[in-house]
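Architecture and fold: a report
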Amino acid sequence: MHVTKVERQTHHPRRINLYLDGKFAFAVQGDVLSDFNVKTGDDLDEGTVSALLSREEIHLAKRQAFRYLTHRQRSEYEIRTRLFEKEHLPSTIDAVIDHLRGLGLIDDLAFARALLHDLQLRKPCGKTLLQQKLRSKGISSAIIVDLLREQMTDQVELGLAMAEAKKVIERYQSSRKIVDEQKQRQRLARYLARRGFSWGTIGPVVRQLFSPGTSL
């Protein structure tokens, strides 16, 4: 295939139109074309053309990944999913992931720590809900187990559940609507369960708050 024209795009100067055998063939980033030192008059074999297109796809995928990372930190799973939705080849996605990992822009452990911290700041929750949130971001089971073992001991979870439960009880007490104690117990238990606290944590919290002589 004979390179008959190399033309810089008017509206996107960094992109180059490549004409082969008198016809427009494809456009690539200027840096990509420079790496291959392609110029008018050259003859390209299929292998070189394939390598050019592959390099161009990787370049495009990197740009999309960097743009995706601009807003916030992402897990590897999130980036892979994003690039897959952009219809990139698995080999391209692997290459981009390796590149980002080498730059320190992908770190699932650091991502999981930050996510757990943010979740607990917004609205404290128990291990079960935290596990679900972390899994939804593609965090591995090994990282989840280690992180929760480190940061969510039974004592920590009990303290968080107690703090949340006290807020609920205070709302009951300030409400004009009278709710009997049994219903308060049931509603509180269901609320804590929805927040991801285990029944092994919920039981002691409910019993303590409704025991005679307990004050908030």
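Data block above holds the structure.
Residues numbered from 1 in each chain as written. Predicted model: local features only at pLDDT ≥ 70, side-chain atom pairs only at ≥ 80, totals over all residues. Heavy atoms only, no water.

Some points on unusual backbone geometry
At Asp21, a position not held by glycine, the phi torsion is positive, near 55°. Here Asp21 is to be found in the loop between strand E2 (15-20) and strand E3 (23-29). We note that Glu87 has phi near 70°; this positive angle belongs to a residue other than glycine. Position of Glu87 relative to the elements: it lies in the loop between helix H3 (76-85) and helix H4 (90-102). (Helix = DSSP H or I, 4+ residues; strand = E, 2+ residues; numbered from the N terminus.)

Some remarks on helix H2 (residues 46-71)
Here H2 spans 39 Å end to end across 26 residues, near enough to the 38 Å set by a 1.5 Å rise per residue. Of all the positions in H2, only Val49, Leu52, Glu56, Glu57, Ile58, Ala61, Gln64, Ala65, Tyr68 and Leu69 are classed as buried. Looking at the buried positions of H2, the neighbouring elements they touch are E2, E3, helix H1 (30-36), H3 and H4. (Expected span 1.5 Å × (residues − 1). Buried < 20%, exposed > 50% of the residue type's maximum accessible area, 1.4 Å probe, protein only. Contact = heavy atoms within 4.5 Å.)

Re the nonpolar core
For soluble globular proteins, the rule of thumb is that nonpolar side chains tend to be buried together. Within the largest apolar cluster, 16 residues are counted, with the highest numbers of intra-cluster contacts made by Leu188, Leu192, Val205 and Leu209. At the level of secondary structure, the elements contributing two or more residues to this core comprise helix H8 (154-174), helix H9 (181-194) and helix H10 (199-209). A per-element tally of this core places H8 first, with six residues. The next biggest cluster of nonpolar side chains, apart from the first, holds 15 residues, and it includes Phe111, Leu116, Leu134 and Met152. (Core = buried A, V, L, I, M, F, W, Y, C linked by side-chain atoms within 4.5 Å.)

Description of the pattern of salt bridges
When the charged atoms of two side chains with opposite charge come close together, those side chains can pair. A full pass over the atoms with the stated rule returns 12 salt bridges. Residue Arg113 pairs with Glu150 through a salt bridge whose shortest N-O separation is 2.6 Å. Note that Arg113 is positioned in helix H5 (residues 108-122) and Glu150 in helix H7 (residues 141-151), a separation of 37 residues in sequence. Of the residues examined, Glu150 reaches a relative accessible area of 44% and is grouped as partly exposed. As a salt-bridge pair, Lys127 and Asp154 come within 3.2 Å of each other at their nearest N and O atoms. Of this pair, Lys127 sits in helix H6 (residues 127-136) while Asp154 sits in helix H8, placing them 27 residues apart in sequence. (Salt bridge = Lys/Arg side-chain N within 4 Å of Asp/Glu carboxyl O.)

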